[in-house]
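Structural features, examined
What follows is each chain in one-letter form.
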Amino acid sequence: NSNAKTIADGFVSRKLAEHYVGLPAPEELVAELSRVFLETDGDLRALLRAIARHPAFWASMRTPRLEAPFGWAVRIARAGGAPLHFEGNEFLARCGTAVLARPTPDGFPEEDGAYADTNAVLQRWRFARLAEPYLVQTIPWSWRTAETPMTPEWRQRIVDAVALRLVGGPLSEASNRAALDVVGRAHGTPEEVAAQAAVMVALLPEAHLR
């Protein structure tokens, strides 16, 4: 009936606004999404387009949010070409966010704090280390052959390559320094050093933001 539909549109609109924009969800965005929901009979494509057009969405970009475990694991797996099932299910279970494991129908929390405790940090570190063989694939093979000279310029280039795949652009100055410090102290072949650099970038703050 119309009352149930109105309740449904309010719930869906608010959940979408909370996920893609922020908490608390901007009421003007929720109202706009509710209007679109009713007009399109709940067309999710129309709702996502409405979010992308709304000023609140673009304003939210100035305040990055922590990526939930599922989104971060998918990012790591896709960047390196790893199948998510290689460790993904176990990782999510250890984080307490296994697929279909939520006992209530409201979904896992949207609050950043729900994914920022000590266990969450340790599990992301473990997952990144296990994904090392895949993460190194974000660096071109010709840059990590046995004959590659490991110059300071090379170190910066491999850090930038991984950052482009995981973050979408250069690292912040502080994160870039941290990555170069780790790479500068790493030992081994160019392949091994590049792999350590890839894992390091995956553990930097920028790689964990939405």
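Everything below is about the structure shown above.
The notes below deal with the structure included here. (Residues numbered from 1 in each chain as written. Predicted model: local features only at pLDDT ≥ 70, side-chain atom pairs only at ≥ 80, totals over all residues. Heavy atoms only, no water.)

This paragraph deals with the overall build of the protein. Across its full length, the protein holds 11 helices and 0 strands. The helix and strand sequence of the protein, counted from the amino end, reads α-α-α-α-α-α-α-α-α-α-α. The principal-axis extent of the C-alpha atoms belonging to the protein is close to 70 × 35 × 25 Å. Across the 210 residues of the protein, 41% fall into the buried class. Within the protein, contacts between residues at least 6 apart in sequence are counted, and of these 67% link residues at least 24 apart. Accessible area of the protein: about 11,500 Å², with a carbon and sulfur share of 60%. Of the side chains in the protein, 23 bear a positive and 25 a negative charge, and the two mean positions are spaced by 2 Å. (Helix = DSSP H or I, 4+ residues; strand = E, 2+ residues; numbered from the N terminus. Buried < 20%, exposed > 50% of the residue type's maximum accessible area, 1.4 Å probe, protein only. Contact = heavy atoms within 4.5 Å. Areas by Shrake-Rupley, 256 points an atom, 1.4 Å probe, with all protein chains shown as cover. Lys, Arg positive; Asp, Glu negative; His and termini not counted. Charge placed at Lys NZ, Arg CZ, Asp CG, Glu CD.)

Let us now look at the nonpolar core. Among the nonpolar cores identified, the biggest contains 33 residues, and Ile76, Leu135, Leu166 and Val201 are the most heavily contacted of them. For this core, the secondary-structure elements that each account for two or more residues are helix H5 (69-80), helix H6 (88-94), helix H7 (118-130), helix H9 (152-166), helix H10 (173-185) and helix H11 (190-203). Once residues within four sequence positions are removed from consideration, Leu135 is found in contact with Ile76, Gly80, Ala128, Leu166, Ala198, Val199 and Ala202. Among the nonpolar cores identified, the runner-up in size contains 15 residues, and Ala25, Val36, Ala46 and Ile51 belong to it. (Core = buried A, V, L, I, M, F, W, Y, C linked by side-chain atoms within 4.5 Å.)

Tracing the backbone shows Val167 in the loop between H9 and H10. Between the alpha carbons of Val167 and Leu209 there is a distance of 8.4 Å; along the sequence they are 42 residues apart.

Our next topic: the packing of aromatic side chains. Overall, the coordinates contain 4 aromatic pairs when judged by the stated rule. Ring plane angle 50° and centroid distance 5.7 Å describe the contact between Trp72 and Phe91, whose orientation is recorded as tilted. Placement of Trp72 in helix H5 and of Phe91 in helix H6 is noted, with a sequence separation of 19 residues between them. Exposure class is identical for Trp72 and Phe91. Each is buried. Seen in terms of ring centroids, Phe91 and Phe127 are 4.8 Å apart; in terms of plane orientation they differ by 35°. Their pairing is tilted. (Phe/Tyr/Trp six-rings, centres within 6.5 Å; stacked < 30°, edge-to-face > 60°.)

When you line up the elements, Ala93 lands in helix H6. Along the sequence, Ala93 and Pro69 sit 24 residues apart, while their C-alpha atoms lie 9.9 Å from each other.

Another aspect to go through is H9. Helix length check: H9 (15 residues) gives 21 Å between terminal C-alpha atoms against 21 Å at 1.5 Å per residue, within 8%. Of all the residues in H9, the buried ones are Trp154, Ile158, Val159, Ala161, Val162, Ala163 and Leu166. Here the buried face of H9 lies against H5, helix H8 (132-135), H10 and H11. Positive backbone phi, at 95°, marks Gly168, one or two positions downstream of H9. (Expected span 1.5 Å × (residues − 1).)

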